[in-house]
Amino acid sequence: METITKSKEKLVKEKSIKISGAEAVVKCLLEEGVDLIYGYPGGAIMPVYDELYKYQKELHHVLTRHEQGAVHAAQGFARVTGKVGVAIATSGPGATNLITGIADAQIDSTALVCITGQVGSHLLGSDAFQETDIISISTPVTKWNYQVTKASEIPEVMAKAFYIAKSGRPGPVLIDITKDAQFGELDFEYKKCEKIRSYTPVPKIEISKIKDAAELINNAKKPYVIIGQGVTLGEAEKELKELLERAEIPAASTLLGLSALESNHRLNFGMVGMHGHYAPNVLTNQCDVLIAIGMRFDDRVTGNLETYAKQAKIIHFEIDPAEVDKNVKTDVAVLGNVKDTLTKLLPLIKDNKHESWLQKFKDLYKIEFKEVIDAEINSSNEGLTMAEVIEALNHETKGDAILVSDVGQHQMITCRYGNFNKHRSKVTSGGLGTMGFALPASIGAKMGAPNREVVAIIGDGCMQMNIQELGTILQTKVPVKIIVMNNEFLGMVRQWQELFFDKRYASTVMTNPDFVKIAEGYGIKASRVSKRENLKDAIAELINSKESYFLEVNVEKEGNVFPMIPTGATVSDVRLK
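Reading the values: the criteria
Residues numbered from 1 in each chain as written. Predicted model: local features only at pLDDT ≥ 70, side-chain atom pairs only at ≥ 80, totals over all residues. Heavy atoms only, no water. Pairing = 2+ DSSP bridges. Helix = DSSP H or I, 4+ residues; strand = E, 2+ residues; numbered from the N terminus. Axes fitted to C-alpha atoms, helices over the stretch in contact; angles between N-to-C directions. Contact = heavy atoms within 4.5 Å. Core = buried A, V, L, I, M, F, W, Y, C linked by side-chain atoms within 4.5 Å. Buried < 20%, exposed > 50% of the residue type's maximum accessible area, 1.4 Å probe, protein only. Right-handed = clockwise from strand over helix to strand, strands pointing away. Phe/Tyr/Trp six-rings, centres within 6.5 Å; stacked < 30°, edge-to-face > 60°. Lys NZ or Arg CZ within 6 Å of the ring centre and 35° of its normal. Polar contact = N/O pair within 3.5 Å; in protein donor to acceptor, adjacent residues only side chain to side chain.

Participant: Any details on the sheet that holds strand S18 (residues 481-486)? Residues and values, ideally.
Facilitator: Hydrogen bonds between backbone groups are what pair the strands of a sheet, and the pairing can be parallel or antiparallel. The parallel open sheet is built from 6 strands, whose spatial order is S16-S15-S17-S18-S20-S19. The sheet terminates laterally at strand S16 (426-428) and strand S19 (525-529), the two strands that pair on one side only. Strand-to-strand twist in this sheet, taken as the mean axis angle between neighbours without regard to direction, amounts to 20°. Pairing geometry for S18 and strand S20 (residues 549-554), over 6 bridges, is parallel. The residue of S20 that forms the bridge with Lys-481 is Tyr-549. In this fold helix H17 (residues 386-397) packs onto strand S15 (402-405), strand S17 (454-459), S18 and S20, with an angle of close to 160° to the strand it touches most, S18.

Take a look at the structure:
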């Protein structure tokens, strides 16, 4: 027995290598299969950067021009790959500059591991140079965070970080590492984390709930599915489509659920929400069974909760128990990963037809087309509409591109008119609504999906939030395509001022720089279009470029996005004009 014990000890010693904490960080990343990270160096994280220099062949570091750019790029990478995105920064302002992206990732369920340097542990609490309590600051917007003060903690903490970030409902994790922990030594051994006591990322499936859901669906006369991002995160697109087609159920997506079901599918009727499509919004309050799959009943989807789908039985497929009954009271809550729960549901679902119910969706679409869509995409106005730009882009990309949109009118138009016919084709900031998201996120998206066309669609206001990331494109040569829709306004705020504040355009008029010259200054091919007859060729030149390309489109200044549900109104009170 003693011989066996000694043999095991010898094996552990052979597996262990004495290295610095900084090198352990890099080795942990490699053990987790990470080969691409985004960041910005500084004093408190310098030991890790020194080790990254030694591992350049194994681990590619992208120097962004701002820490917010790094975390958004990591988000874009995570969203198109399904992997964990990694961002790294120094202490103090470096760490706090990550917070907006971390908060964005938390509310949009994006798996991130963010690593920050920290002052030496003996200086903690002394207000040392570039010391900030990033653990307290980030606690409300992370799935988990931890401050490492000893080198020996690094392997276990890093393993936990990746497990927590990607398991169950994904989210961001922040690991703060003091400088002395980076310099300290440890016997390195890495074990991937597969379980944490008291942490249950995926709830146990209750078969009785599956049966209850199936009974409601099978007996429904007017069933309706709302598709959330959980379908994409759970990789349940195939199961979703089988459910819809077997029972002939009309469906619509949330903002982040777009591309879980291809846009051209006969049962896909668009998007729900404040600027969603007419039929999905109006008929929410006419269905008899509402099936919510991997969505959280956000206020932009529901409008006034007092009048939301009160006539319907609500079935909620959800991985996070905290989301059930939080906003909308459910009749049947089916907990678990949606791929697993839908797989168990499908054998219980009967073939069905709902022709008259489906016809209602088609009839309301005709109304929306006549009142809104036709005028937008076939405009005779002097100025170009944003919808025309997206239609031209659809034509050129055949709906196969990844569209990364920023926040505002152009975002809503992209989501309403964009064709998303491939998996993980729509990337945007949803719950937080972060202006400046799209440019760095498109860099991460293109690096995560190098064989797909990636187009960043940005407003003139948003472009100036993180315009410095053009420098990242200059240095990396990543061939991102950029469309800036310039209406010389903060368009969405201006629309609200027009409709609800008697056209008092308080601080929404934009005096813009020459975007084309700026792009060219960063070594990016650039052009501008303002006439309808030149739009198609300009979009074709953008897409056909083998390098990054910047296109500024001058669109009508006071165009509005309709349909629209005013704040506090019910979904069936959606306005067409």
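Participant: Could you give me a rundown of the nonpolar core, with the residues and numbers involved?
Facilitator: Counting 98 residues, the largest nonpolar core has Leu-290, Ile-293, Phe-317 and Leu-345 as its most contacted members. Of all hydrophobic cores here, the second largest spans 52 residues; its members include Val-404, Phe-437, Ala-456 and Ile-482.

Participant: Describe the pairing of S19, naming the residues involved and giving the relevant values.
Facilitator: In the sheet, S19 pairs with S20 via 5 bridges, with the strands oriented parallel. Bridging across to S20, Lys-525 finds its partner in Tyr-549. For the segment spanning S19, helix H24 (residues 532-544) and S20, crossover handedness is right-handed.

Participant: Mind laying out the sheet that holds strand S7 (residues 172-178), listing which residues take part and the relevant values?
Facilitator: Reading across the sheet, the 6 strands line up as S3-S2-S4-S5-S7-S6 and stay open at both edges, with parallel pairing between neighbours. Here the strands that pair on one side only, and so sit at the sheet edges, are strand S3 (60-63) and strand S6 (144-148). Neighbour to neighbour, the strand axes of the sheet diverge by 20° on average, direction disregarded. The sheet contact formed by strand S2 (residues 36-39) and strand S4 (residues 85-89) spans 2 bridges and is parallel. Among the inter-strand pairings, Gly-39 is bridged to a residue of S4, identified as Ile-88. Sheet contacts for helix H8 (residues 154-166): S4, strand S5 (112-118), S6 and S7; angle to S6, the most-contacted strand, approximately 170°.

Participant: Which residues make up the packing of aromatic side chains, and what values go with them?
Facilitator: One pass over the full model with this rule turns up 10 aromatic pairs. For the ring pair Phe-188 and Tyr-190, a centre distance of 6.4 Å and an interplane angle of 15° mean the geometry is stacked. Tyr-190 sits in the buried class, given a relative accessible area of 13%. Feature note: the residues Tyr-224, Phe-269, Trp-357 and Phe-361 constitute an aromatic cluster, connected by ring pairs. Here the guanidinium or amino end of Arg-494 rests over the ring plane of Phe-489, the centre of that ring lying 5.7 Å away.

Participant: Account for helix H18 (residues 409-417), naming residues and giving values.
Facilitator: When you tally the buried positions in H18, you get 9 out of 9 residues, the bulk of the element. For H18, the set of buried residues is Gln-409, His-410, Gln-411, Met-412, Ile-413, Thr-414, Cys-415, Arg-416 and Tyr-417.

Participant: Summarise the environment of Glu-67; cite the residues concerned and give the values.
Facilitator: Tracing the sequence through the fold places Glu-67 in helix H4 (residues 67-81). When its relative accessible area of 8% is taken as the criterion, Glu-67 is described as buried. Contact partners of Glu-67, with chain neighbours within four places excluded, come to Tyr-40, Ala-89, Gly-94, Asn-97 and Leu-98. A distance of 2.9 Å separates polar atoms of two side chains, one belonging to Glu-67 and the other to Asn-97.

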